[in-house]
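Here is what each chain is made of, one letter per residue.
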Amino acid sequence: MSVDVAHRDGLSRGHTACHLASLALDLALADLWRKDPGQDAIGNPDFEGRANQSSRIREDGAVDEYRLGKSLRRAGFDTETFAATLAEREERINAQLAAWIATGASSRIETEGPTIVDRRRWHCELPEAEAVILCGGTHVTSLADFSSISVSLDLSDPQLLVMTTTASAAV
Ligand SMILES: [Zn+2]
């Protein structure tokens, strides 16, 4: 039996980058909430938890879709200001991701028990707080495994934000 190590490593980077990008997205959108939507894994307003409708992991990246409809507006999110400042938000996310990679923080999975049904949580020691997210996927062991992670935000459909995350491995 042979394990495709390159494929698995690519998915580990894609998965880890997806978590980091969604945390950076929450942080970059934090000032757009008029009401408290609840907190994400590092204590910022949880845009991800409120709006994410799908997340697809691939090698060295991910594509996330967020629903920006009436219910999000009713929950207190300022969709108009977001749309008007999209490019600036994207820059903030990318600057945050670069800063997080530069810390070389550790990234690991903790499991409650030895069987397949035991809950697994991804832990990452970011400077703001230790992020802990329920997740069964495979991940890198350190943010030093990345040379970069960047996102692009697409709002061509004003009701649907598409965030495409692209990671590359450290050489
Ligand atoms: Zn994960």
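Structural data are supplied above this passage.
From a predicted model like this one, the values you see are computed outputs, not experimental measurements.

Draft legend 1. Main features of helix α1 (residues 5-28). The end-to-end C-alpha separation of α1 is 34 Å, in line with the 34 Å expected for 24 residues at 1.5 Å each. Across the 24 residues that make up α1, a large majority, 17, are buried.

Draft legend 2. Fine view of the pattern of salt bridges. Throughout the structure, instances matching the rule amount to 10 salt bridges. For R121, the salt bridge is made with E112, and the minimal N-O distance between the two is 2.9 Å. Relative accessible area serves as the criterion here: at 52%, E112 is assigned to the exposed category. Within the structure, one salt-bridge network assembled from shared partners comprises D31, E88, R89 and R92.

Draft legend 3. Highlighting the coordination of the zinc ion. Every protein donor of the zinc ion is listed here as H15 (NE2), H19 (NE2), C135 (SG) and H139 (NE2), and their distances to the metal cover 2.0 to 2.7 Å. Coordination at the zinc ion is irregular, judged from the four donor atoms that bind it and the angles of 80 to 123° they form at the metal. The sequence motif formed by the donor residues of the zinc ion is H-x3-H-x115-C-x3-H. One end of the pair, H15, is in helix α1; the other, H139, is in the loop between β5 (130-134) and β6 (146-157), and 124 residues separate them in sequence.

Draft legend 4. Structural detail: the environment of H15. Of the residues examined, H15 reaches a relative accessible area of 15% and is grouped as buried. In this structure, the C-alpha to C-alpha distance between H15 and V140, residues 125 residues apart in sequence, is 8.4 Å. Aside from chain neighbours lying at most four places away, what touches H15 is I57, C135, G137, T138 and H139.

Draft legend 5. Up close: the pairing of strand β4 (residues 120-125). Sheet topology note: the strand β3 (residues 107-111)/β4 ladder contains five bridges and is antiparallel. Looking at the pairing, T111 lines up with R120 of β4. Two strands pair when backbone bridges link them, and β4 and β5 are joined in this way by five bridges, in the antiparallel orientation. Bridge assignment links E125 to a residue of β5, and that residue is E130.

Here is what the cut-offs are and how they apply
- Residues numbered from 1 in each chain as written.
- Predicted model: local features only at pLDDT ≥ 70, side-chain atom pairs only at ≥ 80, totals over all residues.
- Heavy atoms only, no water.
- Helix = DSSP H or I, 4+ residues; strand = E, 2+ residues; numbered from the N terminus.
- Expected span 1.5 Å × (residues − 1).
- Buried < 20%, exposed > 50% of the residue type's maximum accessible area, 1.4 Å probe, protein only.
- Salt bridge = Lys/Arg side-chain N within 4 Å of Asp/Glu carboxyl O.
- Donors = N, O, S within 2.8 Å, 3.2 Å for Na, K, Ca; no water.
- Tetrahedral: all angles 85-135°; square planar, octahedral: opposite > 155°, others 65-115°.
- Contact = heavy atoms within 4.5 Å.
- Pairing = 2+ DSSP bridges.

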